[in-house]
Every structure is written in C-alpha cells, then in structure tokens.
Amino acid sequence: MNMSWTLVIWLSIGAYAFKMLGFVVVGSRKLPNVLAQCLMLIPAALLGAMVFNGTFTDAQSIAVDERTIGLLVAIIAAWRKLPLIVVVVLAAATTALLRAI
Amino acid sequence: MKFRIEPDVRPVVTSALALSGAVGVFALAFGVLAVGAGASVWQTCALSFFAFTGASQMSAMSIVSTGGTVSAALGSGLLLAARNGVYGLALSPYFGESLGKRLLAAHFVIDETTAMMTAQTNPRLQKIAFWTTAIALFSLWNLGTLIGAVLGGAIDPHTYGLDVGFTAAYITMLVPHLRTSNGRIAAAVGATLSVVLAPFLPVGLPILASGLAIFIGVRPQRAKASA
C-alpha cells in the first residue's frame, strides 16, 4: 500500500501547511471578507457532496440501493440529535441488514 | 498534594473534556472506517497524529475506499483542510510573538479549539481553553483512532455497511454548517454536482468539482430573506 503512504504523508504536510499559513505566515493581516466567506463554505459543500456521492453513485453510474435507506435512517437519527456513534451504528446496521436479506 | 482549580477555569476545563470525549468516540468510528477502507493500522494512526483534522482524514479515506485515485483523495482532503487556515487567521491575534509556540500551536488549530477559544472573553481563559482542548482532544483523538483501527481489522466493510457508516458520520458533521442559508445552499449545490457529474468524471473528481459550490459565498450576506 505504497500509494496510501503517499496520501498519508502529503495530507499531513498539506494540513499543517494550511494551519500554519493562517496562523504564522499571514499573521494578523485580514483576508478579504468574500474570500473568507467562501472558504468557510468548504465543509458544507464537500460534506454534502460526500453524503450524496457516497449514497447515490456506484463507480461511474447513478444508483439507488440499500444505501438510500441507510442514509434516511442516518438523517432521522441525526435530526433526533442522537449521539454520533448511535447515528453511525444505526445507519450501518440498517444497510447491513438489508444487504443480508 | 491538593490541586485547586480556580472557579472561573472549571467550566472551561469541563466543557473541553466533554467535547474531547465526544471527539474520541468519533475517532473510534474513523479508526474502524479507515481500516475498513483498506488503510493499515499504522497509516490510520499516522493520519490522526500528523494530519489531525477529522473531516479531511475521513474524506480522503472514503474516496480511496470507493476506488478514487490518491490525487482525488488528497485534493478533497486538502480542500477540507483549507478552512483551518481561516481559523488560524482568527486565532492569530490571541497568541504572542514566540515563533516556536506559534508553530506548535498551529498543529492544533481545528474546528473545536477555535470554537472553544473564541467563546472566551478574557485572554487568560482563552489560552486555557485553547490548550486544554488541544491537549485533551489530541490525546483522545489518537487513542480513539488506535482502538478503532485495531477493532476495525476484524470487520468486513461491505457486509457490515461501513460505507454508509462514513456517510452517517458526514451527516453529523454537516449539521452545524446548515445553520446559515449560504451553508444550506452550498451543501445542496455540492450534493447535486457530486451526483450529476458522476457519470462523466473519474471516481473522486465529482467531489472535488462540488467544491465550486463555495462560490455561493460571494453572495451578499444581507440577502438572507430569500426563501
């Protein structure tokens, strides 16, 4: 798994570089408001993408299968403010059960 | 020996510990899922120790697990890590001039430490909030990852629905970002792009492309009443 070590090392270097960039290099200067606003939307955009891409695609095709039900269970559980581990276990268990039948 | 905590410090320490405990459980999930995605225990632990930024670690692992390339996984992980740069900007004025201290503190600039530190009003408590959260959270994040990774080796990811486990973890991370209308629009646009583009791009790239949704941020903040 050499490829994965590449990923581990570069992600580690990159993550630290970003943390340092704002903290050490840029110091007390301010980013333009619009740029800061866009950057703060990265988690919303990417997390939304990972939820939907992870549920409704299979390789390069669009798919609706057991995962859709798992997703629905996760959304309901998160909406009911259940603890993270419960949300994860419920969603995984539902999907596993549907795959088994 | 008696160790006394000043009364105003206690609530800061208590909430730092509670938050770190919750994050430790999240790390457990990350450990299990990463090993399920094909990473070794060492690789999983190295990510938590050196990259130390949850969402980035998760997204990189899940792109790898669905057959995406290393570059796509890295791209998405780094894109998610970029916001720590913005946190760094926000926290920078709270820290002194010492470069060594800044270089060390930088490693701990993440969602949780930023939230804890900026919630305090006086400099002394801000420092305590940052470092208590940093130390407790870093320890539990790595401990949780190790336990999860060791447990995860015994599990077949597809049979146990671990792929949907990833998705479920993302949902809980997404929720706080849906409080603003810009956050909701960015999430919806990102989600749509990631599915619609899937047939046309190699695996992993649709997630990177969905990053275009962040340009909703150029919309003037005033226009909040558009529903």
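Rules of the game
- Residues numbered from 1 in each chain as written.
- Chains lettered and ligands numbered in written order.
- Predicted model: local features only at pLDDT ≥ 70, side-chain atom pairs only at ≥ 80, totals over all residues.
- Helix = DSSP H or I, 4+ residues; strand = E, 2+ residues; numbered from the N terminus.
- Buried ≥ 20, exposed ≤ 12 C-beta atoms within 10 Å, placed from the backbone.
- Contact = placed C-beta atoms within 7 Å.
- Rg over C-alpha atoms; globule rule 2.2 N^0.38 Å.
- Nonpolar A, V, L, I, M, F, W, Y, C, P; charged D, E, K, R; others polar.
- pLDDT = per-residue confidence, 0-100.
- Core = buried A, V, L, I, M, F, W, Y, C linked by C-beta atoms within 7 Å.
- Expected span 1.5 Å × (residues − 1).

(A) Main features of the overall build of chain B. Along chain B, the regular secondary structure elements total eleven helices and zero strands. Across chain B, helices and strands are ordered from the amino to the carboxyl terminus as α-α-α-α-α-α-α-α-α-α-α. The principal-axis extents of the C-alpha atoms in chain B amount to approximately 60 × 50 × 35 Å. Here chain B holds 227 residues, and the buried ones make up 54% of them. By sequence separation, contacts in chain B at least 24 residues apart represent 70% of the contacts at least 6 residues apart.

(B) Spatial organisation of the overall build of chain A. Across its full length, chain A holds five helices and two strands. Going from N to C terminus, chain A has its helices and strands arranged as α-α-α-β-β-α-α. A globule of 101 residues ought to have a C-alpha radius of gyration of about 13 Å, yet chain A, at 19 Å, is considerably larger. Dimensions of chain A, computed from the C-alpha atoms along their principal axes, are close to 55 × 40 × 30 Å. By residue count, 48% of the 101 residues in chain A fall in the buried class.

(C) Inspection of the environment of lysine 19 of chain A at higher detail. On the secondary structure map, lysine 19 of chain A appears in helix α1 (residues 2-25). Looking at lysine 19 of chain A, the number of C-beta atoms within 10 Å reads 25, which means it is buried. Considered as a pair, lysine 19 of chain A and aspartate 65 of chain A are 46 residues apart in the sequence and their alpha carbons are 39 Å apart. Residues in contact with lysine 19 of chain A, not counting those within four places in the same chain, are Asn84, Gly85, Gly88, Ala106, His107 and Val109 of chain B.

(D) Representation of the interface of chain A and chain B within the structure. The interface is formed by 67 residues belonging to chain A together with 88 residues belonging to chain B. For the side of chain A that touches chain B, the secondary-structure elements that each account for two or more residues are α1, α2 (33-40), α3 (42-56), β2 (61-62), α4 (66-79) and α5 (84-100) of chain A. By residue number, the principal contributor to the side of chain A that touches chain B is α1 of chain A, which donates 19 residues. Split into classes, the residues belonging to the side of chain A that touches chain B amount to 47 nonpolar, 17 polar and three charged.

(E) The arrangement of the confidence of the model for chain B in detail. All names here are of chain B. Residues of chain B with pLDDT of at least 70 account for 95%, and the chain-wide mean is 87. The model gives residues 223-227 a pLDDT under 50, and that stretch makes one contact with residues more than four places away or in other chains. The ipTM assigned to the predicted complex is 0.87, against a pTM of 0.79.

(F) How the structure looks around the confidence of the model for chain A. Confidence in the prediction for chain A averages 88 pLDDT; 93% of positions are at 70 or higher. By mean pLDDT, the top-scoring element of chain A is α4 of chain A (96), and the lowest-scoring one is α2 of chain A (85).

(G) Inspection of the nonpolar core at higher detail. In terms of nonpolar packing, the biggest core is built from 106 residues, with Ala45, Leu47 and Val87 of chain A together with Ala186 of chain B touching the most fellow members. In terms of residue count, helix α1 (residues 10-36) of chain B provides more of this core than any other element does, twelve residues in total. Once you skip the residues sitting within four places of it in the chain, alanine 186 of chain B turns out to touch Leu41, Ala44 and Ala45 of chain A together with Ala213, Ile214 and Ile216 of chain B.

(H) Representation of helix α4 (residues 70-81) of chain B. Residues and elements named next belong to chain B. Taking 1.5 Å of rise per residue, the twelve residues of α4 would be expected to cover 16 Å, and the 16 Å separating its terminal C-alpha atoms lies within 8% of that figure. The element α4 is largely enclosed, with a buried count of ten among its twelve residues. Those residues of α4 not exposed but buried are Ala72, Ala73, Leu74, Gly75, Ser76, Gly77, Leu78, Leu79, Leu80 and Ala81.

(I) Inspection of helix α9 (residues 162-174) of chain B at higher detail. Under the 1.5 Å per step criterion, the end-to-end length of α9 of chain B is 18 Å for 13 residues, consistent within 8% with the ideal 18 Å. Counting buried positions along α9 of chain B yields 13 of 13 residues, so the element is predominantly enclosed.

(J) Region of interest: unusual backbone geometry. At lysine 81 of chain A, a position not held by glycine, the phi torsion is positive, near 60°. Checked against the element boundaries, lysine 81 of chain A lands in the loop between α4 and α5. Taking the C-beta count within 10 Å as the criterion, lysine 81 of chain A has 9 such neighbours and is therefore assigned exposed. The backbone of phenylalanine 52 of chain B sits at a positive phi, close to 45°, despite the residue not being glycine.

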